[in-house]
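Residue-level listing of the chains:
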Amino acid sequence: MAVALVLAGPLSVTTTAWATPVAESQSISVTENVDVWERSPLTLRTTSEGPTTIAAPRTFINVESAATGDLPLNKRTVTIHERNESINMSFESRIGAGTRALAGDEAQLLAVKLDEAPTTAGVNASNISGASLEDVFANNSDTTSSELLDDAEGVDTIDEDGELQASYTPESGGAYGFVLVTVDEGDDGLSVSDGNVSVNGNVTVVGVEQAVVQDNASNVERTQNPVNPGDNVTLAVDTEMEDENATHAVLLVRQGELQQQSSTVTVSGELNESFSADQVSVENSFDAVSGVGTVGSNTILGSFNLSENQLIPSIGLPGLFGTVVSEAESDADGDVIHASTTIVSGDADANVTVQTLDSWPNGAYQYVHVAVGNETGAINSDTGTVTVSPGGGPDNGDGPGNGGGPPANGNGQNDTRDDEGDAE
């Protein structure tokens, strides 16, 4: 139920503006009329937060063949958005992807709802949210709907600073992919009729982003609060779905710890037609996860399959859940994250239990609950806090559940491991 990491192709960081920002050497052709700029995974970001939000580690990408160094992906929060609420997006220059040379170009934004929510397995710049862009434009992808935002919706030309603001309001829950294109002068660009995408002329994909949207909020009540270290935390879950059965996932993590960490995705070897996932490795700044990962016999949450490599914590909820499931140890030490997760199938309304450890420090822990209906695929979620304290302590209340609050630079702003500013 979460969305894919789209890894960039060859990226470069220079100090002067590009005369041609989307040169042939910097783009991938996915159809006769559609090219993809290899920096497109860096430029477009959602800026609004939904009702279920958790702070994430900083994530960087390093493409060794292009000597990029560590480029931030600018995804500092993991958010589940609300249907019928606007999802705001910003396209702008970021470290590793200057956009000022695109000023004045005509732009369109394609919003596609995916039939099956993807995983972080996608590793090619021509992929968006796990669906091939080639298939999207050829109308062969697993999408249930496509909508086009252009002049009438305020998506027209990129401004003089190389920036563009857009907003999309989803009418139903699910996984969505967003594709921002520029249109060659004199061409009509994209059009959508009866959900089918057509291309009249030539377009270049210059930004891609993704979002998960819930149909309704779940209502989660803690059966006890505070709890002693080592006690189970049981959540009484009521959902707003028609399904009799659902898969429930609960993540419990100490507030403030995730955003203090980082993950670096390294892409090794040559980037060509033989590129494979084996060329991608992930190094996390923390040594281990101190906690318990409990997964029932059904390991699939919607299309979220934990058997795949889901070890990039800040790339959607699969990364967070997958990291805890794969890395949790009862005797972990060193620089650790204190977190546990439980994934089980059962009634749509159910009690879900997640374990803590005797060694966990006192304090507030954020829980994130996600339920996916087994029949309809409807998504419900909720978040709050529980206090871990020996012998009890004051009730912290549900609170905003932002893992100690979102980072100061937000989800859509430049993350500055190096200096801020354009990399033009």
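Look up: the structure comes first, before these words.
Figured I'd write up the structure that's included with this text. (Residues numbered from 1 in each chain as written. Predicted model: local features only at pLDDT ≥ 70, side-chain atom pairs only at ≥ 80, totals over all residues. Heavy atoms only, no water.)

## Describing the overall build of the chain
Along the chain, the regular secondary structure elements total three helices and 32 strands. Residue burial in the chain is summarised as follows: out of 424 residues, 55% are buried. For the chain, the proportion of contacts with a sequence separation of at least 24, taken over those separated by at least 6, is 78%. Accessible surface for the chain amounts to roughly 16,200 Å². Of this, 38% is attributable to carbon and sulfur atoms. (Helix = DSSP H or I, 4+ residues; strand = E, 2+ residues; numbered from the N terminus. Buried < 20%, exposed > 50% of the residue type's maximum accessible area, 1.4 Å probe, protein only. Contact = heavy atoms within 4.5 Å. Areas by Shrake-Rupley, 256 points an atom, 1.4 Å probe, with all protein chains shown as cover.)

## Quick word on the pairing of strand E17 (residues 203-214)
Of all twelve residues making up E17, twelve are buried, and the element is well covered by its neighbours. Here three bridges tie strand E2 (residues 34-37) to E17, and the two strands are oriented parallel to one another. The partner of Val36 across the bridge, within E17, is Val205. Here strand E14 (residues 174-183) pairs with E17 via ten bridges, running antiparallel. Following the sheet pairing, Thr182 is matched in E17 by Thr204. (Pairing = 2+ DSSP bridges.)

## Quick word on a negative patch on the surface
A grouping of Glu221, Asp238, Glu240, Glu244, Asp347, Asp349 and Glu375 is seen on the molecular surface, where their side chains present a negatively charged patch. A relative accessible area of 47% places Asp347 in the partly exposed class. (Patch = residues over 30% accessible without salt bridge, like charges linked within 9 Å, V, L, I, M, F, W, Y side chains within 5 Å. Salt bridge = Lys/Arg side-chain N within 4 Å of Asp/Glu carboxyl O. Lys, Arg positive; Asp, Glu negative; His and termini not counted. Charge placed at Lys NZ, Arg CZ, Asp CG, Glu CD.)

## Topic: the sheet that holds strand E20 (residues 232-238)
Read across the sheet, three strands follow the order E19-E20-E30 without closing on themselves; strand pairing throughout is antiparallel. Only two strands of the sheet have a single partner each, and these edge strands are strand E19 (219-222) and strand E30 (350-355). Strand-to-strand twist of the sheet, defined as the mean angle between neighbouring strand axes without regard to direction, takes the value 30 degrees. Judged from the four bridges that link them, E19 and E20 form a sheet pairing that is antiparallel. Bridging from a neighbouring strand, Val220 pairs with Val237 of E20. (Axes fitted to C-alpha atoms, helices over the stretch in contact; angles between N-to-C directions.)

## Some details on the packing of aromatic side chains
Here the structure, examined in full by the defined rule, presents three aromatic pairs. Summarising the aromatic geometry, the rings of Tyr168 and Tyr176 are spaced 5.9 Å apart at their centres and angled 55 degrees between planes, so their arrangement reads as tilted. Looking at Tyr176, the relative accessible area reads 2%, which means it is buried. Seen from their ring centres, Trp360 and Tyr365 are 4.9 Å apart, and the 5 degrees between their planes marks the pair as stacked. Summarising the burial analysis for this pair, Trp360 and Tyr365 share the class buried. Taken together, the aromatic side chains of Tyr168, Tyr176 and Phe178 make up a single cluster linked through ring pairs. (Phe/Tyr/Trp six-rings, centres within 6.5 Å; stacked < 30°, edge-to-face > 60°.)

## Digging into the sheet that holds strand E13 (residues 164-168)
The strand order across the open sheet built from three strands is E3-E8-E13, with neighbouring strands paired in antiparallel fashion. Each edge of the open sheet carries a strand with a single partner, namely strand E3 (44-46) and E13. Here the average twist between neighbouring strands, direction ignored, is 25 degrees. Of the strand pairs in this sheet, strand E8 (residues 87-91) and E13 are connected by five bridges, and their pairing is antiparallel. Paired with Met89 across the strands is Ala166, a residue of E13.

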